[in-house]
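Descriptive structure summary
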Amino acid sequence: MRGGSEGGGAATPPPFDPELSAALTSAGAVARGPVTPENLAAWQERDAAVRPRPTVEVLRDGGRFEVAELDASGVRLVSARPTGAGGPLPLLYYLHGGGLITGNAWSVLPRLLRELAEPLGIAVISVEYPLAPAAPYPAAVEACFAGLRWTTDRARRLGVDAGRVVVGGKSAGGGLAAALALLTRDRGGPAPVGQLLLSPMLDDRNNSFSARQLAGHDTWDRTSNTTAWRAALGELHGAPELPPYAAPARAADLSGLPPAYVEVGSAETFRDEAVAYADGIWRAGGEAELHVWPGAFHGFDTFAPEAALSRDARDARIRWLRRLLAR
């Protein structure tokens, strides 16, 4: 693990789950070090070079899935569903992770199709939103909103049910999904029926106990998080009146939101902001299901998809989605 700490006086971090820790060590991920302003451009170049970007033909997996790339008035979407599934299908409108600075809409689809779309019989649309710092706030969230509105306006043609849309994402994508739920509430639609927030990146202030406790230890630590937020927000970073659509933890009102599934690891930078967000929804009279996976670091199920904890997390997501969509 990377040594050192930030913020002064941070407590000893929780131990990683042994199975997850072994997978992390084997992957050699900790040797990469944090993202800093100095290495951000190189980090983005490396990520673009090595991150998978499967073609439509590869995503179809020999006819297992129907896949199409769509142009939603300038926002690129990748639409996919199990082949032969009757419509209109419930839709998972998904926003990829990558700290708002990396990632793409294609790389997340093989797992989403295999782990969620096929078992649940739902459609997935993955959004290629613009990345910071080239496209700072509000570019990403506005692109996600525009894509969602375009999709629901054409739901019948796309074979999806506009009344059963779940917005979701992991890490930066989880933060964007939360922001999208707030934005659709305040703009009067289109209204998702749920929000799937996996290790969501919610708070630009980056000063929670867990952010300080996990500095230098988590796979995405306080240094990387600060770098990413500054790239995304520029001079708005840390501003007292930052809009909640930029950083959902800033929302003063969490009422009127769709049911939320909030997941985070106990040994993760985002732990406390995710727990606080679920608590804020409850305090506002809303509905949230919270899972804090013991010994899990950021991205644990990507590093160790077959670990017991990763399988438990996957099963919990499926159960929540199944209950939600059956209403």
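The structure we're discussing is the one just above.
Residues numbered from 1 in each chain as written. Predicted model: local features only at pLDDT ≥ 70, side-chain atom pairs only at ≥ 80, totals over all residues. Heavy atoms only, no water.

1. What to know about the overall build of the chain
Formally: Only DSSP runs of H or I reaching four residues or more are called helices, and only runs of E reaching two or more are called strands; each is numbered from the N terminus. Burial here depends on accessible area, computed with a 1.4 Å probe over protein chains only, as a share of the maximum for the residue type. Under 20% is buried, over 50% is exposed, and the range in between is partly exposed. Residues count as neighbours in contact if any of their non-hydrogen atoms are within 4.5 Å of one another. Throughout, the Shrake-Rupley method with a 1.4 Å probe supplies accessible areas, and for residues the shown protein chains are the sole cover considered.
Of regular secondary structure, the chain possesses twelve helices and eight strands. Seen through its C-alpha atoms, the chain measures out along the principal axes to roughly 55 × 45 × 35 Å. Here the chain, with 327 residues, has 57% of them falling under the buried criterion. Considering only contacts in the chain between residues 6 or more positions apart, those separated by 24 or more positions represent 77%. Element-wise, carbon and sulfur atoms account for 53% of the exposed surface of the chain, whose accessible area totals about 13100 Å².

2. Observations concerning helix 7 (residues 172-186)
To be explicit about the condition: A helix is expected to span 1.5 Å multiplied by its residue count minus one.
Here helix 7 contains 15 residues, and its C-alpha end-to-end distance of 21 Å stays within 8% of the 21 Å for a straight helix at 1.5 Å per residue. Among the 15 residues of helix 7, 13 are classified as buried, and the element is accordingly described as predominantly covered. Within two residues after helix 7, G188 carries a phi angle of roughly 80 degrees, on the positive side.

3. Describing helix 10 (residues 271-283)
In a regular helix each residue adds 1.5 Å, so 13 residues correspond to 18 Å; helix 10 covers 18 Å between its end C-alpha atoms and thus fits that length. Among all positions of helix 10, only R271, E273, A274, Y277, A278, G280 and I281 are buried. Against the buried residues of helix 10 lie helix 7, strand 6 (194-198), helix 8 (209-213), strand 7 (260-265) and strand 8 (288-293).

4. Structural notes on the environment of L100
Mapped onto the elements of the fold, L100 is located in the loop between strand 3 (89-95) and helix 4 (109-120). A relative accessible area of 11% places L100 in the buried class. Distance from L100 to R64, taken between C-alpha atoms, is 31 Å for residues 36 residues apart in sequence. Excluding residues within four positions of it along the chain, L100 makes contact with L131, A132, A172, L176, M201, W229 and A232.

5. Description of the packing of aromatic side chains
Heads up, the rule is: Whether two aromatic rings pair depends on their centres lying within 6.5 Å, for rings of Phe, Tyr and Trp, where Trp uses its six-membered ring; planes under 30 degrees apart make the pair stacked, over 60 edge-to-face, and the rest tilted.
Counted under the stated rule, the structure contains three aromatic pairs. The interplanar angle of 65 degrees and the centroid separation of 5.1 Å between the aromatic rings of F16 and F297 together place this pair among those described as edge-to-face. Separated by 281 residues along the polypeptide, F16 in the segment before helix 1 (18-27) and F297 in the loop between strand 8 and helix 11 (300-303) bring together distant segments of the chain. In textbook terms, an aromatic cluster arises when at least three aromatic residues are bridged by ring pairs, as seen for F16, F297 and F303.

6. Description of the sheet that holds strand 1 (residues 65-72)
The condition is simple: DSSP bridges decide pairing: two strands pair if at least two such bridges lie between them. Note on geometry: axes are lines fitted to C-alpha atoms, helical ones only across the stretch in contact, with angles between N-to-C directions running from 0 to 180 degrees.
Strand order in the open sheet formed by eight strands is 1-2-4-3-5-6-7-8, and the pairing between neighbours is mixed. Each of the sheet's edge strands pairs with one partner strand only, and the pair in question is strand 1 and strand 8. Going from strand to strand, the sheet's axes swing by 20 degrees on average, the running direction of each strand aside. The pairing of strand 5 (residues 160-170) with strand 6 spans five bridges and is parallel. Counted as the bridge partner of K170 is L198 from strand 6. The strands touched by helix 4 are strand 1, strand 2 (75-82), strand 3 and strand 4 (123-128); relative to strand 2, the strand with the most contacts, the crossing angle is about 45 degrees.

7. Details of the pairing of strand 6
What counts here: Viewed with both strands pointing away, a crossover whose connecting path from the first strand over the helix to the second turns clockwise is right-handed.
The buried fraction of strand 6 is high, at five of five residues. A crossover links strand 5 with its parallel partner strand 6, the connecting element being helix 7, and its sense is right-handed. Pairing analysis gives four bridges linking strand 6 to strand 7, with the strands arranged parallel. Pairing of L197 across the sheet is with V262, part of strand 7.

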